[in-house]
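Understanding the architecture of this molecule
Single-letter residue listing:
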Amino acid sequence: TWMFVCIHSTARGPAGGGTRMKTYPTPADGLADAMRLSAAMTLKMAATDIPFGGAKAVLAVSALPEGDERRRLLLRYGDLAASLGGNFQTGPDVNTTIADMDVIAERHEHVFCRSKERGGSGDPGPYTARGVFHGIRASAAQVFGTPDLAGRSVLVQGVGDVGARLAEQLAEAASRVLVSDIDTERAKDIADRIGAEVVRAETAIGTDCDIYAPCALGGTLSAETIPQLRCRIVAGSANNQLGEPDDGARLAEAGILYAPDYVINAGGVIHAWGVESLGWDLETVEDRLAGIGTTLTDIYEYAEAEGITTEAAAEQLARSRLVRS
Ligand code: NAD
């Protein structure tokens, strides 16, 4: 296993970011991923306006380890993380769990989203979903003139930890919910439970809907897929939704409003870092989750006034907050 810990910025405070476990074609690909993701965390923390910098760790494994082998790896990684002291704070990411955080925390003091039994804040997914819901309402207000989602069709692509909860909230708001997942059983279960329609995973991108919420993997927006979209808004939790920076302009040219991913999906970070590091109570967390909607509205208005993409507007907002006062 190659372990990469990338600290991108401490300009706003100690650097935080998840620990991803994944197989890569080469170790250099793992490093490149960690570097790119750590830069995105800097923007996320700044856009969210919490006093932390950006970091990310990648455990580039040849196969996902289980049992004792996994525990040994996580403890070795915990020692590495601890050697960086409080400058590096971490939490779960792709292929790492709350239980994994409990193990890493045996060696490293600055681990977020441990289990509640171990004094952590637990699963960030429900808070990420709530933040996305606020973001969708703000996006609807921008495009349709009202945040009310009753009767709006929303396609949730990926009904895992975040997507399933988002679909539930949308159903409660009387939206017409469409769900799609490569795990067809999972999609059917949630659809039956909340009265949603199932869309086949292969046809999700071309589905006619008001709002497309990517909540599976990143990179679903590209030169190839954007012309196929039949929605007015893209607003979902997935990280790195744009295949390349030009895709932001492609969406704008297609008349589709894009909610920058690291702004709309910050709810989990807001909850974990807010509760565990900043001492926030749940009321403050809820206010900050609602603030995701306000931030997006500011970004949309700024983008419109300056004639730039929403992605560029979000980045300018975040960068303006990186200057030390
Ligand atoms: P998850 O693994 O629980 O769920 C992902 C779901 O997407 C699964 O049901 C999976 O079967 C499905 N899926 C995978 N590929 C698919 C495809 N091609 N088409 C349709 N469905 C597909 O993950 P999650 O925690 O719900 O996170 C979802 C996304 O949001 C990820 O991109 C994650 O990085 C991002 N995110 C999550 C959080 C969080 O708090 N969990 C925070 C920020 C960002």
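Source: prediction; values computed, not measured.

Focus: the pattern of salt bridges
The tally for this structure, following the rule as stated, stands at 20 salt bridges. Between Arg20 and Asp93 there is a salt bridge whose closest N-O contact spans 2.5 Å. Note that Arg20 is positioned in strand E2 (residues 15–22) and Asp93 in the loop between strand E4 (88–92) and helix H3 (98–104), a separation of 73 residues in sequence. By relative accessible area, which is 8% here, Arg20 ends up buried. The closest approach of N and O atoms between Arg230 and Asp208, which form a salt bridge, is 3.6 Å. In this pair, Arg230 sits in the loop between strand E8 (211–214) and strand E9 (233–234) while Asp208 sits in the loop between strand E7 (197–198) and E8, placing the two residues 22 residues apart along the sequence. By relative accessible area, which is 48% here, Arg230 ends up partly exposed. Salt bridges sharing common partners tie together Arg20, Asp33, Arg36, Lys56 and Asp93.

Section: helix H2 (residues 67–82)
For H2, built from 16 residues, the straight-helix expectation of 22 Å at 1.5 Å per residue is met to within 8% by its first-to-last C-alpha distance of 22 Å. The set of residues buried in H2 consists of Arg70, Leu73, Leu74, Leu75, Tyr77, Gly78 and Ala81. Residues of H2 that are buried make contact with strand E1 (2–9), E2, strand E3 (53–60), E4 and H3.

Quick look at the sheet that holds E1
Strand pairing within a sheet occurs via backbone hydrogen bonds; the two strands may be parallel or antiparallel. Strands sit in the order E1-E3-E2-E4 across an open sheet of 4 strands; the sheet is mixed. Every other strand in the sheet has two partners, leaving E1 and E4 as the edge strands with one partner each. Within this sheet the neighbouring strands show an average axis-to-axis angle of 25°, counted without direction. In this structure, E2 lies alongside E4, joined through 5 bridges in parallel fashion. Across the sheet, Thr19 pairs through a bridge with Pro92, a residue of E4.

Some words on the packing of aromatic side chains
According to the stated counting rule, one finds 2 aromatic pairs in the structure shown. Relative to Phe4, the ring of Trp2 lies with its centre 6.0 Å away and its plane at 15°, an arrangement referred to as stacked. Classification of Phe4 as buried rests on a relative accessible area of 11%. In this arrangement the basic side chain of Arg152 is found over the ring face of Phe144, its NZ or CZ atom lying 3.8 Å from the centre.

Things to note about the site of the ligand
In the vicinity of the ligand lie 18 residues, with Thr128, Val162, Asp181, Arg186 and Ala216 positioned nearest. At 2.8 Å, a backbone N or O of Val162 approaches an oxygen atom of the ligand. In this structure, an oxygen atom belonging to the ligand sits 3.1 Å away from a side-chain N or O atom of Asn239. Burial of the ligand by the protein amounts to 74% of the accessible area it has alone, namely 830 Å².

Considering the packing of helix H1 (residues 27–48) against helix H9 (residues 267–276)
As a packed pair, H1 and H9 sit with axes 11 Å apart at the nearest point and diverge in direction by 75°. Accordingly, the angle class assigned to the pair H1 and H9 is roughly perpendicular. Only Val269, Ile270 and Trp273 of H9 make contact with H1, whose side of the interface consists of Met41, Lys44, Met45 and Thr48. Of the residues contributing to the contact of H1 with H9, the split by class is 5 nonpolar, 1 polar and 1 charged.

Points about the environment of Arg186
On the secondary structure map, Arg186 appears in helix H6 (residues 184–194). C-alpha separation for the pair Arg186 and Glu109, spaced 77 residues apart in sequence, amounts to 36 Å. When residues no more than four places from it in sequence are discounted, the contact partners of Arg186 are Val159, Gly160 and Asp181.

Quick notes on the nonpolar core
Ranked by internal contacts, the top residues of the largest apolar core, which has 59 residues, are Ile136, Val156, Leu166, Leu170, Val177, Val179 and Trp273. It is helix H10 (residues 282–306) that contributes the most residues to this core, 7 residues altogether. Setting aside residues up to four positions removed in sequence, Val177 forms contacts with Val154, Val156, Ala167, Leu170, Ala171, Ile194, Ala196 and Glu197. The next biggest cluster of nonpolar side chains, apart from the first, holds 17 residues, and it includes Ala55, Leu59, Met101 and Ile104.

Regarding the environment of Pro25
Structurally, Pro25 can be placed in the loop between E2 and H1. Measuring from C-alpha to C-alpha, the distance between Pro25 and Ser62 comes to 9.2 Å, with 37 residues separating the pair along the chain.

Focus: H9
Because an α-helix completes one turn every 3.6 residues, residues spaced three or four positions apart along the sequence face the same direction. Across the 10 residues that make up H9, a large majority, 8, are buried. Every buried residue belonging to H9 is among Gly267, Gly268, Val269, Ile270, His271, Ala272, Trp273 and Gly274, and all of these are buried. Close packing links the buried residues of H9 with E2, H1, E4, helix H4 (125–144) and H10.

About the cut-offs
Residues numbered from 1 in each chain as written. Predicted model: local features only at pLDDT ≥ 70, side-chain atom pairs only at ≥ 80, totals over all residues. Heavy atoms only, no water. Salt bridge = Lys/Arg side-chain N within 4 Å of Asp/Glu carboxyl O. Helix = DSSP H or I, 4+ residues; strand = E, 2+ residues; numbered from the N terminus. Buried < 20%, exposed > 50% of the residue type's maximum accessible area, 1.4 Å probe, protein only. Expected span 1.5 Å × (residues − 1). Contact = heavy atoms within 4.5 Å. Pairing = 2+ DSSP bridges. Axes fitted to C-alpha atoms, helices over the stretch in contact; angles between N-to-C directions. Phe/Tyr/Trp six-rings, centres within 6.5 Å; stacked < 30°, edge-to-face > 60°. Lys NZ or Arg CZ within 6 Å of the ring centre and 35° of its normal. Near = heavy atom within 4 Å. Polar contact = N/O pair within 3.5 Å; in protein donor to acceptor, adjacent residues only side chain to side chain. Areas by Shrake-Rupley, 256 points an atom, 1.4 Å probe, with all protein chains shown as cover. Parallel < 35°, antiparallel > 145°, perpendicular 65-115°, else oblique. Nonpolar A, V, L, I, M, F, W, Y, C, P; charged D, E, K, R; others polar. Core = buried A, V, L, I, M, F, W, Y, C linked by side-chain atoms within 4.5 Å.

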